[in-house]
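Summary of structural features
What follows is the residue order along each chain.
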Amino acid sequence: MSAMAGGGDPLLRVRDLRKSFGVHEVLADISLDVARGEVIAIIGASGSGKSTLLRCLNLLERPSGGEIFYAGEPVDWRRPPGFFGDPAVQRLRTRIGMVFQSYNLWPHMTVLENVIEAPMRVKGLPRREAEERATYLLGRIGLAAKRDQHPFTLSGGQQQRVAIVRALAMEPEAMLFDEVTSALDPELVGEVLDLMASLAVDGMTMLVVTHEMDFAREVSTRTIFIDAGRIAEQGPSVEVLERPVNERTRRFLDRVLHRRGGVDREAAVDDGR
Amino acid sequence: MMDADGPVAAAIAWWVSIEDYLPSFLDAAWLAFQLTLVIIGLTWVFGLVVALAKTSRYRVIRWPAELYVWFIRGTPTLIQVFIFYFGLPQIDIRMSPFAAGCLALGLNGGAYVAEIIRGGLLAIPKGQMESAIALGMSPWTAMGRIILPQAIRIIIPPLTNEAATTLKNTSLLSTITLVELTLHAQLIIAATYRPFDFYIIAAILYLIMTSVLTQIAAWLERRYQLRY
Ligand SMILES: Nc1ncnc2c1ncn2[C@@H]1O[C@H](COP(=O)(O)OP(=O)(O)OP(=O)(O)O)[C@@H](O)[C@H]1O
Ligand SMILES: [Mg+2]
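Attention here is on the structure that accompanies the text. (Residues numbered from 1 in each chain as written. Chains lettered and ligands numbered in written order. Predicted model: local features only at pLDDT ≥ 70, side-chain atom pairs only at ≥ 80, totals over all residues. Heavy atoms only, no water.)

**Notes on the site of ligand 1**
All names here are of chain A.
- Every residue near ligand 1 is listed here: Phe21, His24, Val26, Ala45, Ser46, Gly47, Ser48, Gly49, Lys50, Ser51, Thr52 and Glu179.
- In the model, an oxygen atom of ligand 1 is placed 2.6 Å from a nitrogen or oxygen of the Ser46 side chain.
- Between ligand 1 and Gly49, the relevant distance is 3.0 Å, taken from an oxygen atom to a main-chain nitrogen or oxygen of the residue.
- The fraction of the free accessible surface of ligand 1 (640 Å²) that becomes covered by protein chains is 61%.
- Contributing elements (two or more residues each) for the shell around ligand 1: β2 (24–34) and α1 (50–57).
- In terms of residue count, the dominant contributor to the shell around ligand 1 is α1 (three residues). (Near = heavy atom within 4 Å. Polar contact = N/O pair within 3.5 Å; in protein donor to acceptor, adjacent residues only side chain to side chain. Areas by Shrake-Rupley, 256 points an atom, 1.4 Å probe, with all protein chains shown as cover. Helix = DSSP H or I, 4+ residues; strand = E, 2+ residues; numbered from the N terminus.)

**Considering the interface of chain B and chain A**
- Each partner contributes residues to the interface: chain B has 23 residues there, and chain A has 29 residues.
- Together, the buried faces of chain B and chain A total about 2,300 Å²; carbon and sulfur atoms form 62% of this surface.
- Remark: the boundary between chain B and chain A carries two salt bridges.
- Between Arg55(A) and Glu130(B) there is a salt bridge, and its shortest N-O distance comes to 2.6 Å. (Contact = heavy atoms within 4.5 Å. Buried area = accessible area lost by both parts, 1.4 Å probe. Salt bridge = Lys/Arg side-chain N within 4 Å of Asp/Glu carboxyl O.)

**Section: the sheet that holds β2(A)**
All names here are of chain A.
- Strand order in this open sheet of four strands is β2-β1-β4-β5, and the pairing throughout is antiparallel. The outermost strands of the open sheet, each flanked by one partner alone, are β2 and β5 (73–74).
- Pairing between strand β1 (residues 12–21) and strand β4 (residues 65–70): five bridges, direction antiparallel. Following the sheet pairing, Arg18 is matched in β4 by Gly65.
- Seen against the sheet, α1 touches β1, β2 and β4 and runs at an angle of roughly 120° to β1. (Pairing = 2+ DSSP bridges. Axes fitted to C-alpha atoms, helices over the stretch in contact; angles between N-to-C directions.)

**Some details on the nonpolar core**
- Counting 39 residues, the largest nonpolar core has Ile164(A), Met175(A), Phe177(A), Met196(A) and Met206(A) as its most contacted members.
- At the level of elements, α3 (111–121), α4 (127–140), α5 (156–168), β7 (174–178), α6 (186–201) and β8 (205–209) of chain A are the ones that each hand at least two residues to this core.
- The element contributing the most residues to this core is α6(A), with eight residues.
- Cys56(A), Phe100(A), Ile224(A) and Ala134(B) belong to the second largest nonpolar core, which has 34 residues in total. (Core = buried A, V, L, I, M, F, W, Y, C linked by side-chain atoms within 4.5 Å. Buried < 20%, exposed > 50% of the residue type's maximum accessible area, 1.4 Å probe, protein only.)

**Considerations on the pattern of salt bridges**
- In total, this model carries 30 salt bridges over all chains according to the counting rule given.
- Put simply, Arg55(A) and Glu61(A) hold a salt bridge, and the shortest N to O gap is 3.0 Å. Glu61(A) matches Arg55(A) in its accessibility class, with the two residues each being buried.
- Note that Arg128(A) is salt-bridged to Glu132(A), the shortest N-O span being 3.6 Å. Residue Arg128(A) and its partner Glu132(A) are located together in helix α4, separated by four residues, close to a single helical turn.
- With relative accessibility at 47%, the residue Glu132(A) sits in the partly exposed group.
- Beyond isolated ion pairs, a larger network of salt bridges with shared partners links Arg55(A), Glu61(A), Lys126(B) and Glu130(B).

**So, helix α2 (residues 87–95) of chain A**
- Among all positions in α2(A), only Val89(A), Gln90(A), Leu92(A), Arg93(A) and Thr94(A) are buried.
- Buried positions along α2(A) lie against α1, β4 and β6 (96–99) of chain A together with α6 (126–134) and α7 (139–169) of chain B.
- N-capping of α2(A) is provided by Asp86(A), with a side-chain oxygen placed 3.0 Å from the backbone N of Ala88(A).

**Observations regarding helix α8 (residues 181–192) of chain B**
Residues and elements named next belong to chain B.
- The end-to-end C-alpha separation of α8 is 16 Å, in line with the 16 Å expected for twelve residues at 1.5 Å each.
- Buried within α8 we find Leu181, Thr182, Leu183, His184, Ala185, Ile188, Ile189 and Thr192.
- For α8, the N-terminal cap is Glu180; the gap from its side-chain oxygen to the backbone nitrogen of Thr182 is 3.0 Å. (Expected span 1.5 Å × (residues − 1).)

**Quick look at unusual backbone geometry**
- A positive phi angle, close to 60°, is found at Leu59(A), a residue other than glycine.
- Position of Leu59(A) among the secondary structure elements: in the loop between α1 and β4.
- In the Ramachandran plot, Asp92(B) falls in the positive-phi region, its phi being about 65° despite a non-glycine side chain.
- Tracing the chain through its elements places Asp92(B) in the loop between α4 (77–87) and α5 (97–122).

As structure tokens, this is what we get:
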């Protein structure tokens, strides 16, 4: 978790990634290098293909073309998934954690059981060890006391933080976040973003699809703007968010920022006149 | 003796007249119950396999499963029983009435159980499977650990209904020489000419057995409810 961005191979390399659903082309020629420890914000309008991009990276969705390299190794997405699943793909997924908008915690298990399930079943960790790790991680987010409760007794923010911990328990090298605060009440967004920021500080490699522009500006090192399945603009987050070059980026940001801190901006514009 | 003509005396006389037949009726009911248990076990196995097959992404697996359900649901149960007991020997597949009856009703119920299980599986949100897969679980581990345990709660009530139907369907096996409750009643009636009495007795015994099944299911339901 301590490796920072720097020289050497990128952790993730994507070349000309394409994805179509039938005739509907959702991703086109996506190329992208992600260094270890990098935190990348992915922004873009609804339907632009952000989720699809993340889901192609851990093969929840099968790409239609292009190459993916993870830690220098090519990811073979062309092999059809066998009857019992594809062990190589499953191994890849243990190394890339993913957190979803709707938490997707398992309701029939307690918080602790949610967190130890994959380490035990997938990595073969003994229960004692898995529980130790889970208890440590739950303690880190202040939810150790809730370990024996079922997810639905927790607030949305608590559930989402448990979902993040569930992914962390697999000790992934990288994490994919797909609008993980979008389903939360506004007052619960902060606690989840704080946890993500602390992961970033620890050096976790992160790809974060988000509508939280403050998070993108303050935590991510790079921001990628996706428009109609293509990377329309990317660069250091401050650059992209404050001085966008692309006309479409500018219009998108105008719309998003206007909606959020609307009053201030309008006031500022009025003053300018 | 006035009492000899009263209703109480009539009831006692009736009881005495059937008392001797009761042990044999209980034996026949016990056979029906054993048949039911075996058949229920078979319907679950067939049902689970077919339900998974019907949700498979491979057409070669999905297609036979759909054909099977279509055939079972579209033909009379009695014809299916006849095919197994009377039909198969013609192509040199011979089975005891017990085996033929269990297989026929097992396959029959399996088609309905498959639909019940499939409904339960489809009711679990897609994200449940995805979050398991995204952690590196194989689809089968995810099915067994994440999806099925949740689907069970949805499945138990309709599965109870199906178990009761199975029990009642065993009376169809009276047509293939299995002396279960229905055929036993018919044999006794043939000897005594008392159809009203003995069909009522048979009905009461069926009622007791379906009630036992329903109670077991209610207990299961409570147990799984308590877990979360
Ligand atoms: N399984 C699918 N089948 C068919 N079309 C799909 C599927 N998944 C996504 N799409 C389509 O692909 C396009 C991109 O979807 P995607 O979910 O990646 O967008 P997004 O940028 O994440 O949007 P949002 O901000 O609303 O989450 C959409 O037009 C969507 O309808
Ligand atoms: Mg999305």
